[in-house]
Amino acid sequence: MSCCNSKTPYAKSCIRVRNSTAQTLSATTPTTLVLQGTPVTDSGCSLTLNPSSITVNKSGLYHFAADVTVNPTAAGTAVIQLFKDGVPLLCAVATVTATTDSIFTAHVETDLCLNACCANNPAIAVVVSGVAGTVTNLCVGALKLA
């Protein structure tokens, strides 16, 4: 896979994006957040930003992080978690006991050794569940470490 002309083939690709568009949460249905928003950094060819995920294009060791600000409209236990290909990552989860209108920011991060090839390009997403309300800010990053 070759890089497009707008990105240089850095060995250590990096994506950092901020989305401050309000995203509605349901207490009963997990919500996969829209990541695309204001790009902060997008370099290299190992990572691709999609509307609701970051795709890994090259095998290697990666660091993923997300900061999610939530304004709950009802009390509940909010779960913020990274998913890989639709499967929750058990080491990348934050749980917050929320009360009505108690704005909070949760941080999740993990490091993963991922294999990528023509038919298998892992996708990392951020999912919020367990509480109704609104995500008011989201900052997500991915970095190829090696």
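Above this text sits the structure in question.
Model, not experiment: these values are computed from the prediction. Throughout this document, residue positions are counted from 1 along each chain, in the order its sequence is written. Side-chain atom pairs in this predicted model are given and counted only at pLDDT of 80 or more, local residue features only at pLDDT of at least 70, and totals for whole chains, interfaces and linings cover all residues. Computation of side-chain values covers all heavy atoms of the structure but excludes hydrogens and water.

1. Looking at the overall build of the chain
In plain terms, the rule: Runs of H or I in DSSP of at least four residues are treated as helices and runs of E of at least two as strands, each being numbered from the N terminus. All radius of gyration figures rest on C-alpha atoms, and the globule criterion is 2.2 Å times the number of residues raised to 0.38. Three exposure classes are used, based on accessible area relative to the maximum for each residue type with a 1.4 Å probe and protein chains only: buried under 20%, partly exposed in between, and exposed over 50%.
The number of helices and strands found in the chain is 0 helices and 12 strands. N-terminal to C-terminal, the α/β element order of the chain is β-β-β-β-β-β-β-β-β-β-β-β. Against the compact-globule benchmark of 15 Å for 146 residues, the chain has a radius of gyration of 15 Å, which places it among compact chains. With the C-alpha coordinates of the chain rotated into their principal frame, the extents come out at 50 × 30 × 20 Å. Split into buried and exposed, the 146 residues of the chain put 42% on the buried side.

2. Considering the nonpolar core
Worth spelling out the cut-off: In this text, buried Ala, Val, Leu, Ile, Met, Phe, Trp, Tyr and Cys residues form a nonpolar core when linked through side-chain atoms within 4.5 Å. Contact criterion: two residues are considered in contact whenever any of their non-hydrogen atoms come within 4.5 Å of each other.
Ranked by internal contacts, the top residues of the largest apolar core, which has 35 residues, are Phe-64, Val-68, Ile-80 and Val-126. Every residue in contact with Phe-64, bar those within four places of it in the chain, is listed here: Val-56, Leu-82, Val-108, Glu-109, Thr-110, Leu-112, Leu-114, Ile-124, Gly-141 and Ala-142.

3. Thoughts on the pattern of salt bridges
As a reminder of what qualifies: Should a side-chain nitrogen of Lys or Arg be within 4 Å of a carboxyl oxygen of Asp or Glu, the pair is scored as a salt bridge.
Summed over the entire model, instances satisfying the criterion amount to 1 salt bridge. The residue Lys-84 makes a salt bridge to Asp-85 at a minimum N-O spacing of 3.5 Å. When its relative accessible area of 26% is taken as the criterion, Lys-84 is described as partly exposed.

4. Points about the environment of Val-96
Tracing the sequence through the fold places Val-96 in strand E9 (residues 87-98). Considering only alpha carbons, one finds Val-96 and Ser-26, 70 residues apart in sequence, at a separation of 15 Å. Setting aside residues up to four positions removed in sequence, Val-96 forms contacts with Gly-76, Thr-77, Ala-78, Phe-104 and Ala-106.

5. A look at the pairing of strand E10 (residues 104-114)
Condition: Note on pairing: two strands pair once DSSP finds at least 2 bridges between them.
Of the two faces of E10, the one lined by Phe-104, Ala-106, Val-108, Thr-110, Leu-112 and Leu-114 is fully buried and the one lined by Thr-105, His-107, Glu-109, Asp-111 and Cys-113 carries no buried residue. With 11 bridges joining them, strand E7 (residues 60-72) and E10 adopt antiparallel strand pairing. Looking at E10, one finds that His-63 is bridged to Asp-111.

6. What about the side chain of Asn-57?
Threshold: Any N or O atom pair separated by 3.5 Å or less is treated as a polar contact, with the protein-specific requirement of one donor-capable and one acceptor-capable atom, and with residues adjacent in sequence counted only for side-chain atom pairs.
Looking at the secondary structure, you find Asn-57 in the loop between strand E6 (54-56) and E7. According to the relative accessible area criterion, Asn-57 is buried, its value standing at 13%. A polar contact is formed between the side chain of Asn-57 and the side chain of Thr-48, at a distance of 2.7 Å.

7. Observations concerning unusual backbone geometry
Residue Asp-85 is not a glycine yet carries a positive backbone phi of 50°. The residue Asp-85 is located in the loop between strand E8 (76-84) and E9 in this model. By relative accessible area, which is 40% here, Asp-85 ends up partly exposed. Phi at Asp-101 takes a positive value of approximately 60°, unusual for a residue other than glycine. On the secondary structure map, Asp-101 appears in the loop between E9 and E10.

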